[in-house]
Amino acid sequence: MTTAATQPDGLLNFDAERYVRIQSGAVARGRELGSALAQRYAAGRVEEVVLLGTGGAGILMEPALRLAESRLSVPVRLRHPAEELAAGGPGLGAGSAVVIPSLSGTTKESVAAQELAHRHGAWTAVLTAHGDSPLAQAADLTLVNEAADDTSSESFYLQSILGIAGLAAETDDWGAAGSLGAHLESVPQHLLTTKTAYEDRAEQAAHFLAERDYHIITGAGYAWPEAHYYGMCILEEMQWIRTRPVHAAHFFHGTLELLEAGSSLVVLVGRDETRELTDRVLDFARTITEHILVIDTADADLGQLPPDVSAAMAPVVAAALLERVSAHLEVLRDHPLTTRRYYRRIDY
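Let me begin by describing the structure that accompanies this report. Because the structure is predicted, anything quoted here is derived from the model rather than measured.

Each value, and the rule that gives it
Residues numbered from 1 in each chain as written. Predicted model: local features only at pLDDT ≥ 70, side-chain atom pairs only at ≥ 80, totals over all residues. Heavy atoms only, no water. Helix = DSSP H or I, 4+ residues; strand = E, 2+ residues; numbered from the N terminus. Rg over C-alpha atoms; globule rule 2.2 N^0.38 Å. Contact = heavy atoms within 4.5 Å. Lys, Arg positive; Asp, Glu negative; His and termini not counted. Charge placed at Lys NZ, Arg CZ, Asp CG, Glu CD. Expected span 1.5 Å × (residues − 1). Buried < 20%, exposed > 50% of the residue type's maximum accessible area, 1.4 Å probe, protein only. Core = buried A, V, L, I, M, F, W, Y, C linked by side-chain atoms within 4.5 Å. Axes fitted to C-alpha atoms, helices over the stretch in contact; angles between N-to-C directions. Parallel < 35°, antiparallel > 145°, perpendicular 65-115°, else oblique. Left-handed = near helix turned anticlockwise from the far one by under 90°. Nonpolar A, V, L, I, M, F, W, Y, C, P; charged D, E, K, R; others polar. Pairing = 2+ DSSP bridges.

1. Quick notes on the overall build of the protein
Alright, step 1. Counting its regular elements, the protein contains 13 helices and 9 strands.
Alright, step 2. For the protein, whose C-alpha radius of gyration is 20 Å, the value lies close to the compact-globule estimate of 20 Å for 348 residues.
Alright, step 3. Seen along its three principal axes, the alpha-carbon backbone of the protein occupies a region of about 60 × 45 × 45 Å.
Alright, step 4. A sequence separation of at least 24 residues applies to 78% of the contacts in the protein between residues at least 6 apart.
Alright, step 5. Averaged over its 27 positive side-chain charges, the protein has a centre that lies 3 Å from the centre of its 46 negative ones.

This is the structure we're talking about:
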């Protein structure tokens, strides 16, 4: 049974001090990652960065990849560990800086991929919550932040984005990169304020999700990875609710035909020019169904951030808001987020 406890700040099952501490830790660990990558690049030892995360942890690396593609001259690849293992690690070598996110530090595909990377002579950095885990113990650089499932999304987003920014500062590819860490130091407190303001709407959103057993979830730009992650890793894995995550750019090339009266649509709206893609989906969907949930990341006040930094914070904001939704949803459905049937329960 899931129990409900409202904290003094009015948030359900939530520890505000813990949240700010963890996300502040993410900013600090991200700056350390950026510094390490920059130092290796300056020494001529980074020819590429490979983001190598399994499942949801890999999805959480996508905003860093998007940032790198627009702001960094050093090649950055995002690979699935299982796919990399099947292919034998093509392209990995002494010039590869491999970043592996794993909350537990025990994910078997990631452990095997790290071993493969080391056999190819690559350098590995592990982002984890457990410094005594296999991945952490074998890494060339281990960055430990105490995050758990309810805080890991923002933590991994912030760490990987700041890692790319640290490298961009060294390569002079992005003028804002050098001050990004300082800009983001206040973001954890802003996120807490955003969560608090969203609490009533979060409860309403939880009721929205509980009313249907199938949801189409969409987003674009920096907001898209969180739409994909929330559908796959939270609603499907942790709540056993069927979803169809689809990028807003693909919505009109197949998924639109699934809409009918009463269909459920969840739209994550970003903080940049890609809003026009989700606006197009909304304009169309509203002519067919009224069961639409919109989470607009631009509603959050993150302080004075450069526009491109603000854009990259869309998935961080979305994750912060959706955590509040999840907290209400597990109580409403009496289905704890920790409940599993298969994952880490049986061999497969």
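From this point, the narrative continues.
2. Structural notes on helix α13 (residues 314–332)
Alright, step 1. The terminal C-alpha atoms of α13, which comprises 19 residues, lie 27 Å apart, in line with the 27 Å expected from a rise of 1.5 Å per residue.
Alright, step 2. Most of α13 sits inside the fold, with 17 of its 19 residues counted as buried.
Alright, step 3. The positive-phi residue at the C-terminal boundary of α13 is D334, with phi of around 50°.

3. A short note on the nonpolar core
Alright, step 1. Core analysis: the largest hydrophobic core is formed by 86 residues, its most contacted members being W174, L184 and V325.
Alright, step 2. Not counting residues up to four positions away in its chain, the partners in contact with V325 are Y198, A202, A205, A206, L209 and Y230.
Alright, step 3. Among the nonpolar cores identified, the runner-up in size contains 15 residues, and A220, F252, L265 and I292 belong to it.

4. Quick notes on the packing of helix α9 (residues 187–210) against α13
Helix-helix packing is characterised by the crossing angle of the two axes and by the distance between the axes.
Alright, step 1. Packing of α9 against α13 brings their axes to within 7 Å, and their N-to-C directions diverge by 50°. Classified by the angle their axes make, α9 and α13 are oblique. For the pair α9 and α13, the crossing hand works out as right-handed. Counted together, L191, T194, K195, Y198, E199, A202, E203, A205, A206, H207, L209 and A210 of α9 and V316, V317, A320, L321, E323, R324, V325, H328, L329 and L332 of α13 form the full contact between these two elements.
Alright, step 2. Looking at the contact of α9 with α13 residue by residue, the class counts come to 14 nonpolar, 3 polar and 5 charged.

5. A short note on the sheet that holds strand β6 (residues 214–219)
Alright, step 1. The strand order across the open sheet formed by 4 strands is β7-β6-β8-β9, and the pairing between neighbours is parallel. Looking along the sheet, the strands with just one partner apiece sit at the ends: β7 (242–247) and β9 (292–296). Across the sheet, the mean angle from the axis of one strand to that of its neighbour is 20°, orientation sign disregarded.
Alright, step 2. Relative to β9, strand β8 (residues 265–269) is paired through 5 bridges, and the arrangement is parallel. What sits directly across from V267, in β9, is V294.
Alright, step 3. On top of the sheet, α9 reaches β6, β8 and β9; it is set at about 145° to β9, its chief contact.

6. A look at the environment of K195
Alright, step 1. Within the fold, K195 resides in helix α9.
Alright, step 2. For K195, a relative accessible area of 0% corresponds to the buried category.
Alright, step 3. Here K195 is in contact with L11, F14, Y19, E154, A320, E323 and R324, once residues within four sequence places are set aside.

7. Thoughts on the sheet that holds strand β5 (residues 141–144)
Alright, step 1. Pairing is parallel in the open sheet, where 5 strands are placed in the order β2-β1-β3-β4-β5. Each edge of the open sheet carries a strand with a single partner, namely β2 (76–79) and β5. The mean angle between the axes of side-by-side strands here comes to 20°, regardless of whether they run parallel or antiparallel.
Alright, step 2. Here helix α1 (residues 16–42) sits on the sheet and contacts β3 (96–101), β4 (123–128) and β5; the angle it forms with β5, its principal contact strand, is near 165°.
Alright, step 3. Together, β1 (48–52), β2, β3, β4 and β5 form the strand contacts of helix α7 (residues 152–171), whose direction differs from that of β4 by roughly 145°.

8. As for helix α3 (residues 62–71)
Alright, step 1. Of the positions making up α3, those classed as buried are P63, A64, L65, L67 and A68.
Alright, step 2. Residues of α3 that are buried in the fold lie against β1, α2 (56–59), β2, α7, α10 (224–236) and α13.

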